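Architecture and fold: a report
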Amino acid sequence: MLFNCAGAWGERLAAALGDAVPLTANGSMMMVTARMPRFVGPVVGAAGRALSFKQFENGTVLIGGGHRAPVDLDSNAATIDVRALSRAAGNAAALFPIMARASIVRFWSGIEGFTPDGLPVLGPSAAAPGAFHAFGFSAHGFQLGPVIGRILAELALDGTASLPVAPFRVDRFQRDPALAGAPGAMACPAE
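This one's a predicted model, so the numbers in the text were calculated from it and none came from an experiment.

**Notes on the overall build of the chain**
Of the regular secondary structure elements, the chain holds 5 helices and 11 strands. Dimensions of the chain, computed from the C-alpha atoms along their principal axes, are close to 55 × 30 × 30 Å. When each of the 191 residues of the chain is scored for burial, the buried share is 37%. The long-range share in the chain, meaning contacts at least 24 apart out of those at least 6 apart in sequence, stands at 68%.

Next up, the structure:
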């Protein structure tokens, strides 16, 4: 058995198996502040602007939310777009004025794979028996890791999953060409 859990590189492994998937690699950027007085409990997202942030118990705030930077899959390099990070910080301060006093202590970018419809590729390969895909989580893979592991184990051991995986089929883009050009459900707003 083979499990393609190659993230942004999942398209390459899928193609080697005979499964074509339109996947775009992007660098999701994040930054974290110095400790601040507690002002918010839940994870905050914003409609109409690229922003998400969360304040941790220690007072630091993690800011992200859709600002992307170029990546190079061949060298495994993610870059930083300081202007985009500045817009993310501005969005946070516009919603929560206390953020205008925040000190950013570090920032980074990671490499993630995004499908045109914003949904992951999950389930058996259409072209290679015994191969299974789980990639293209469009910046949501970390949260889904435990259930995806369970689904892959069920597929490998039982040939079926306890949760529906048909909407995430690897060949959905060939079956419905409109999906291949659909804007990603998790795409960030134009900057």
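Alright, that's what it looks like, and here's the rest.
**Quick look at helix 3 (residues 141-158)**
Residues separated by three or four positions in an α-helix point in the same direction, a consequence of the helix having 3.6 residues per turn. Helix geometry: helix 3 is bent most strongly at Val 147, by close to 40 degrees. Every buried residue of helix 3 is accounted for by Ile 148, Ile 151, Leu 152, Glu 154, Leu 155 and Ala 156. Those residues of helix 3 hidden inside the fold are in contact with strand 1 (2-4), strand 10 (121-124) and strand 11 (131-135).

**Thoughts on the side chain of Ser 138**
Topologically, Ser 138 is positioned in the loop between strand 11 and helix 3. Here Ser 138 falls in the buried class, since its relative accessible area comes to 1%. Engagement of the side chain of Ser 138 in a polar contact is seen with the backbone nitrogen of Thr 115, the distance being 3.3 Å.

**Considering the pattern of salt bridges**
The final tally for this structure, using the stated rule, is 6 salt bridges. Across the pair Glu 57 and Arg 38 runs a salt bridge, and its minimum N-O distance is 3.8 Å. Placement of Glu 57 in the loop between strand 4 (52-55) and strand 5 (61-64) and of Arg 38 in the loop between strand 2 (24-33) and strand 3 (44-45) is noted, with a sequence separation of 19 residues between them. According to the relative accessible area criterion, Glu 57 is exposed, its value standing at 72%.

**Focus: the pairing of strand 2**
Remark: a regular strand shows side chains that alternate across the two faces of the sheet. Looking at chain direction, strand 2 and strand 9 (residues 104-114) are connected through 10 bridges and run antiparallel. Following the sheet pairing, Ala 25 is matched in strand 9 by Gly 113. As defined by bridge partners, strand 2 adjoins strand 6 (residues 68-69) across 2 bridges and the pair is classed as antiparallel. Residue pairing for strand 6: Ser 28 is matched across the bridge by Arg 68.

**Some words on the packing of aromatic side chains**
Considering all chains together, one arrives at 4 aromatic pairs under this definition. Between Phe 39 and Phe 96 the ring centres are 5.6 Å apart and the planes differ by 55 degrees, which places this aromatic pair in the tilted class. Taken together, the positions of Phe 39 in the loop between strand 2 and strand 3 and Phe 96 in the loop between helix 2 (82-95) and strand 9 put the pair 57 residues apart, joining distant regions of the chain. Taking relative accessible area as the criterion, Phe 96 reaches 24% and is therefore assigned partly exposed. Ring pairs connect the aromatic residues Phe 39, Phe 53 and Phe 96, which therefore count as one cluster.

**Examining the side chain of Ser 125**
Among the secondary structure elements, Ser 125 is positioned in the loop between strand 10 and strand 11. Overall, Ser 125 belongs to the buried group, its relative accessible area being 12%. In terms of polar contacts, Ser 125 uses its side chain to reach the backbone amide nitrogen of Ala 127, at 3.1 Å. A distance of 2.8 Å separates the side chain of Ser 125 from the backbone nitrogen of Ala 128, its partner in a polar contact. In this structure, Ser 125 is in contact with Asp 19, Ala 131, Phe 132, His 133 and Val 170, ignoring residues within four places of it in sequence.

**Quick look at the nonpolar core**
The nonpolar side chains of a soluble globular protein tend to be buried, and buried together. Phe 53, Val 61, Ile 63 and Met 99 are the most contacted members of the largest nonpolar core, which has 16 residues in total. Among the elements of the structure, strand 2, strand 5 and helix 2 are those that each provide at least two residues to this core. Sorting elements by how many residues they give to this core places helix 2 first, with 4 residues. Residues Leu 122, Phe 132, Ala 134 and Ile 148 belong to the second largest nonpolar core, which totals 10 residues.

What counts, and at which threshold
- Residues numbered from 1 in each chain as written.
- Predicted model: local features only at pLDDT ≥ 70, side-chain atom pairs only at ≥ 80, totals over all residues.
- Heavy atoms only, no water.
- Helix = DSSP H or I, 4+ residues; strand = E, 2+ residues; numbered from the N terminus.
- Buried < 20%, exposed > 50% of the residue type's maximum accessible area, 1.4 Å probe, protein only.
- Contact = heavy atoms within 4.5 Å.
- Bend = angle between axes of the 7 residues up to and from the residue.
- Polar contact = N/O pair within 3.5 Å; in protein donor to acceptor, adjacent residues only side chain to side chain.
- Salt bridge = Lys/Arg side-chain N within 4 Å of Asp/Glu carboxyl O.
- Pairing = 2+ DSSP bridges.
- Phe/Tyr/Trp six-rings, centres within 6.5 Å; stacked < 30°, edge-to-face > 60°.
- Core = buried A, V, L, I, M, F, W, Y, C linked by side-chain atoms within 4.5 Å.

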